[in-house]
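Spelled out from the first residue to the last, the chains are:
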Amino acid sequence: MTLTPPDTPPAPAAVDDGWRPLDAHPVGRTIAAFATRSFVANDPHGDRLRIRYEARAAAVPHATAAQPAELRAEVWFGPKAEGPPGHAHGGSVAAVLDEAMGLAVWLAHRAAVAAHIEVDFRNPVPLGLTGRVETTAGPADERKSSVSARLVGPDGTVYGEATGIFVLLGERHAGRFRGGGA
Ligand SMILES: CCCCCCCC(=O)SCCNC(=O)CCNC(=O)[C@H](O)C(C)(C)COP(=O)(O)OP(=O)(O)OC[C@H]1O[C@@H](n2cnc3c(N)ncnc32)[C@H](O)[C@@H]1OP(=O)(O)O
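Here the residue numbers are simple positions, counted from 1 along each chain's written sequence. Only residues with pLDDT of at least 70 are given local features in this predicted model, and only at 80 or more are side-chain atom pairs given and counted; all residues enter the totals for whole chains, interfaces and linings. Think of the side-chain values as coming from all heavy atoms in the structure, minus any hydrogens and water.

(A) Looking closely at the UniProt feature "domain: Thioesterase" (unreviewed entry) in the protein chain. UniProt positions are given in the numbering used here, feature names are shortened, and annotations may be inferred rather than shown by experiment. Within this structure's numbering, the places UniProt gives as "domain: Thioesterase" (unreviewed entry) are residues 86–135. Only DSSP runs of H or I reaching four residues or more are called helices, and only runs of E reaching two or more are called strands; each is numbered from the N terminus. A helix fraction of 38% and a strand fraction of 32% characterise residues 86–135, whose end C-alpha atoms lie 26 Å from each other.

In structure tokens:
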């Protein structure tokens, strides 16, 4: 029996668009574990940046629900991300876009590091904004992948756009990007 008054329209059915938390995917779990230590994502309850990644299978040949290939993020710019008064530092915007592009390439192909990125700051990001980062990992050859990302506000405002070349890590990089640090 329902207690919903008869003139109340039914709630719209939830649409499953395939997005899941990054660590809900087998391949995403490893990547998410790295992200918990990163400059961008290591303080999920802090006052600087809070970011939550999601992934889903995309229309690329090797992508499956278990091995998704599309990444997006929800990000909040807190008071400690300040650059110009009341607004986010460009470095924080660039760092968010850089990390999202890196994770997108990692997810779509394999572990990679940024060799080259370009960022366009389209609109100042007000502190307190919760925005969406959308990424598109391009095709890869044996050594690198192109990728792009953008930061969009809830009203559709585009705050930043970035493109990058990410070099896929292989034998020749063995030992170069080990964890550690004092
Ligand atoms: C969990 C969170 C992780 C998220 C990470 C977020 C992303 C990051 O910020 S990573 C950190 C910042 N990046 C770095 O520290 C990398 C520092 N740079 C390096 O170590 C090296 O320069 C590295 C590994 C990028 C490339 O070196 P190497 O493997 O010798 O590459 P190399 O063989 O010269 O080039 C490979 C291909 O990439 C291309 N390439 C290399 N550098 C560039 C560049 N700057 N611009 C454009 N293309 C480039 C080359 O032209 C080559 O292409 P092709 O195969 O067609 O000839």
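What follows picks up the thread again.
(B) A look at the pairing of strand S7 (residues 158–168). Partly exposed describes any residue whose relative accessible area lies between the buried limit of under 20% and the exposed limit of over 50%, with all areas from a 1.4 Å probe on protein chains only and scaled to the type maximum. Within S7, eight of the eleven residues are buried, which leaves the element mostly enclosed by the surrounding structure. Examined bridge by bridge, strand S4 (residues 112–121) and S7 share nine bridges and lie antiparallel to one another. Within S7, the residue paired with Phe 121 across the bridge is Gly 160. Each pair of strands is called paired provided DSSP finds at least two bridges between the two strands. A loop of five residues connects strand S6 (residues 144–152) with S7, the two strands running antiparallel in sequence, and Gly 156 in this loop sits at a positive phi of about 95°.

(C) Here's a closer look at the site of the ligand. We define proximity as follows: a residue is near a molecule or strand when any one of its heavy atoms falls within 4 Å of that partner. Taken together, 18 residues lie around the ligand, and Asp 98, Ala 114, Arg 143, Lys 144 and His 173 are the ones closest in. The separation between an oxygen atom of the ligand and a polar side-chain atom of Arg 172 is 3.1 Å. Side-chain atoms alone can form a polar contact between residues adjacent in sequence; in general such a contact is a pair of N or O atoms within 3.5 Å, and within protein one must be able to donate a hydrogen while the other accepts it. Taking Arg 176, its side chain carries an N or O atom lying 3.1 Å from an oxygen atom of the ligand. The protein chains shown are the only cover counted for residues, whose accessible areas, like all others here, come from Shrake-Rupley with a 1.4 Å probe. Taking 1,200 Å² as the accessible area of the ligand by itself, protein coverage stands at 58%. Secondary structure elements with two or more residues in the shell around the ligand: helix H1 (26–35), helix H2 (90–108), S4 and S7. In terms of residue count, S4 provides more of the shell around the ligand than any other element does, four residues in total. Under the convention adopted here, Pro, Cys and the residues Ala, Val, Leu, Ile, Met, Phe, Trp and Tyr are nonpolar, Asp, Glu, Lys and Arg are charged, and Gly plus all remaining residues are polar. Of the residues that constitute the shell around the ligand, the class distribution is ten nonpolar, two polar and six charged.

(D) Molecular detail of the sheet that holds strand S2 (residues 49–56). Strand order in the open sheet made by the seven strands is S1-S2-S3-S5-S6-S7-S4, with antiparallel pairing throughout. Unpaired on one side and paired on the other, strand S1 (20–21) and S4 mark the two borders of the sheet. Pairing analysis gives two bridges linking S1 to S2, with the strands arranged antiparallel. Considered in S2, the bridge of Arg 20 is made with Ala 55. Against the sheet, H2 touches S2, strand S3 (70–77), S4, strand S5 (130–140), S6 and S7, its axis set at about 45° to S7. Contacts are residue-level and defined by heavy atoms, with any inter-residue pair within 4.5 Å sufficient. Structural elements are reduced to axes, namely lines fitted to C-alpha atoms, with helices fitted over the stretch in contact, and the angle between N-to-C directions of any two is expressed from 0 to 180 degrees.

(E) Up close: the nonpolar core. Residues enter a nonpolar core if they are buried and are Ala, Val, Leu, Ile, Met, Phe, Trp, Tyr or Cys, with the set joined through side-chain atoms within 4.5 Å. Among the nonpolar cores identified, the biggest contains 37 residues, and Tyr 53, Phe 77, Val 133 and Leu 151 are the most heavily contacted of them. Where this core is concerned, the elements lending two or more residues are H1, S2, S3, H2, S6 and S7. Of the residues forming this core, the biggest block, ten residues, is contributed by H2. Look past the residues within four positions of Leu 151 in its chain and what remains in contact with it is Val 75, Phe 77, Val 93, Leu 97, Val 125, Gly 131, Arg 132, Val 133, Thr 157, Val 158, Tyr 159 and Gly 160.

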